[in-house]
Amino acid sequence: MPRIRLYMAPMKGITDHLFRSAFAEHFGGFDLAVAPFIASKQGRRIKRKYVKDVLPENNTRMPVVPQILSKTAVDFIILANYLYDLGYDTVNWNLGCPSPMVANKQRGSGMLPYTDRIQIFLDRVIAEIRGSLSIKVRLGWKENADIFRLLPVIDPYPLSEIIIHPRTGLQGYEGSVDLDAFEDCLAVIRHPVIYNGDIRTIGDFRRLSRRFIRVHAWMIGRGCLADPFLPGCITTGADDIPNKINRMKQFHAALFEAYSRVLDGPSHVLNKMKGLWRYFSLPFEDFKKTMKKITKTQRPDQYLALTNLFFETEAQWRRPKADIPG
Ligand SMILES: Cc1cc2nc3c(=O)[nH]c(=O)nc-3n(C[C@H](O)[C@H](O)[C@H](O)COP(=O)(O)O)c2cc1C
């Protein structure tokens, strides 16, 4: 049996370097993380601060592949080469972002209908970058036809990996993943293919890995927020994890401390943590009342008292799979 390779999906606003480091320390299970996208900029000069999330010194706990969002080859090349010079050998191109703000400007999944633009982009980029390129795609913007037009064009390029999230951009994170279309993609790609989408339980992983034996690695996003023990369970095969709630508590405390160190003032820290609870709440039963109270807290001491009380007395691990918000 080949070794199972798991990648943490990029989730902008959530899986930043502090989150990735804390996750690696408290749960593990991932081989690497693709970092949330960095948008390319016009002009030559990239400042270190702009790529802070992927600076090697901020990523000592989990290997990372930086991701770039761009539709302009020259801007992509400048940023990618900056990242290769930091020591990365691979950079990922985001052709999957469904957000209207991105896609309406023909970036992310909004670029997928434009096969010829992608070809022109890759001709130039592949010739001028100093490292290897992987691509993260969806099936299309509005329809799957995009990917089947695109694959014969991009497959001949020397790509390191193609990551496929088998939904269209218009679907966002809703509706079902199209596994038949994914299978058809797999049949025509000669590069290593990474499957990404709706892996929430060990059962999901087993079903998918039995069906798609050619998949090189598996990428998990929201599933690892809803159950941070999932990646470790998949790779070790063990699913009877002791002390889950206490380990969540420690992870939460580590994140709170990490954000308190870098964010500018307690209200920013609280906003950040409150945003994360949308996902942290998923492993737990009956969370609505606590969530309301957490949202209302105004001061760090109130927030910590409430969340500690939750972890110590109220929290109950949820058994069936949760609905994962987008
Ligand atoms: C809040 C959020 C932010 C995301 N940000 C990115 C991103 O920066 N780059 C990217 O390629 N995909 C991004 N995605 C998509 C995820 O990487 C992944 O493809 C998607 O969530 C499906 O996988 P999952 O079902 O395992 O979550 C984001 C998804 C969410 C929910």
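Everything that follows concerns the structure shown earlier in this document.
These lines cover the structure that appears in this document, whether it is placed above or below. (Residues numbered from 1 in each chain as written. Predicted model: local features only at pLDDT ≥ 70, side-chain atom pairs only at ≥ 80, totals over all residues. Heavy atoms only, no water.)

In this structure, A226 sits in helix α8 (residues 222-226). Once the C-alpha coordinates of A226 and R278 are considered, the two residues, 52 residues apart in sequence, prove to be 9.6 Å apart. Those residues in contact with A226 that sit more than four places away from it in its chain are L282 and P283. (Helix = DSSP H or I, 4+ residues; strand = E, 2+ residues; numbered from the N terminus. Contact = heavy atoms within 4.5 Å.)

This part takes up the sheet that holds strand β2 (residues 32-39). The parallel closed barrel is built from 8 strands, whose spatial order is β1-β2-β3-β4-β5-β6-β7-β8. Ignoring strand direction, the axes of neighbouring strands in this sheet form an average angle of 30°. The pairing of strand β6 (residues 159-168) with strand β7 (residues 193-196) spans 3 bridges and is classified as parallel. By the bridge assignment for β7, I164 is matched with Y195. (Pairing = 2+ DSSP bridges. Axes fitted to C-alpha atoms, helices over the stretch in contact; angles between N-to-C directions.)

With that settled, consider the nonpolar core. Counting residues in hydrophobic clusters, the biggest one holds 96 residues, and the most contacted among them are F19 and W93. The element best represented in this core is helix α2 (residues 73-85), accounting for 8 residues. (Core = buried A, V, L, I, M, F, W, Y, C linked by side-chain atoms within 4.5 Å. Buried < 20%, exposed > 50% of the residue type's maximum accessible area, 1.4 Å probe, protein only.)

Right, let's talk about the packing of aromatic side chains for a bit. Under the criterion given, the structure shown has 28 aromatic pairs. Centroid distance F205 to W218: 5.4 Å. Interplanar angle 80°. Geometry classified as edge-to-face. Of this pair, F205 sits in helix α7 (residues 202-211) while W218 sits in strand β8 (residues 217-220), placing them 13 residues apart in sequence. A single burial state applies to F205 and to W218, both of which are buried. The positively charged end of R138 is found above the aromatic ring belonging to Y173, 5.1 Å away from the centroid. (Phe/Tyr/Trp six-rings, centres within 6.5 Å; stacked < 30°, edge-to-face > 60°. Lys NZ or Arg CZ within 6 Å of the ring centre and 35° of its normal.)

The ligand sits among 20 residues. The nearest are P10, Q67, N196, D198 and R222. Contact with the protein chains hides 92% of the accessible area of the ligand, taken as 610 Å² for the molecule alone. Grouping the amino acids of the shell around the ligand by side-chain chemistry returns 9 nonpolar, 7 polar and 4 charged. (Near = heavy atom within 4 Å. Areas by Shrake-Rupley, 256 points an atom, 1.4 Å probe, with all protein chains shown as cover. Nonpolar A, V, L, I, M, F, W, Y, C, P; charged D, E, K, R; others polar.)

All right, on to a positive patch on the surface then. A cluster of basic residues, K41, R45, K47, K49 and K52, forms a positive patch at the surface. As for its placement among the helices and strands, K52 is situated in the loop between β2 and β3 (64-69). Given a relative accessible area of 40%, K52 falls into the partly exposed group. (Patch = residues over 30% accessible without salt bridge, like charges linked within 9 Å, V, L, I, M, F, W, Y side chains within 5 Å. Salt bridge = Lys/Arg side-chain N within 4 Å of Asp/Glu carboxyl O. Lys, Arg positive; Asp, Glu negative; His and termini not counted. Charge placed at Lys NZ, Arg CZ, Asp CG, Glu CD.)

Along the polypeptide, N196 turns up in strand β7. Overall, N196 belongs to the buried group, its relative accessible area being 8%. Side-chain polar atoms of N196 contact the backbone oxygen of M219, separated by 3.2 Å. Excluding residues within four positions of it along the chain, N196 makes contact with A9, K136, I163, I164, H165, P166, M219 and I220. (Polar contact = N/O pair within 3.5 Å; in protein donor to acceptor, adjacent residues only side chain to side chain.)

As a packed pair, helix α4 (residues 115-128) and helix α5 (residues 145-154) sit with axes 10 Å apart at the nearest point and diverge in direction by 25°. Considered as vectors, α4 and α5 are oriented roughly parallel to each other. As for how α4 packs across α5, the hand of that crossing is right-handed. Of the residues in α5, those in contact with T115, I118, Q119 and L122 of α4 are R149, L150, V153 and I154. (Parallel < 35°, antiparallel > 145°, perpendicular 65-115°, else oblique. Left-handed = near helix turned anticlockwise from the far one by under 90°.)

Attention now moves to unusual backbone geometry. Across the chain, the bulk of peptide bonds are trans and the bulk of non-glycine residues have phi less than zero. Non-glycine residue Q106 carries a positive phi angle of around 55°. In this structure Q106 comes out as partly exposed when scored by relative accessible area, which is 24%. Here D286, not a glycine, exhibits a phi torsion of approximately 45°, which is positive. Within the secondary structure, D286 sits in the loop between α11 (266-280) and α12 (288-296).

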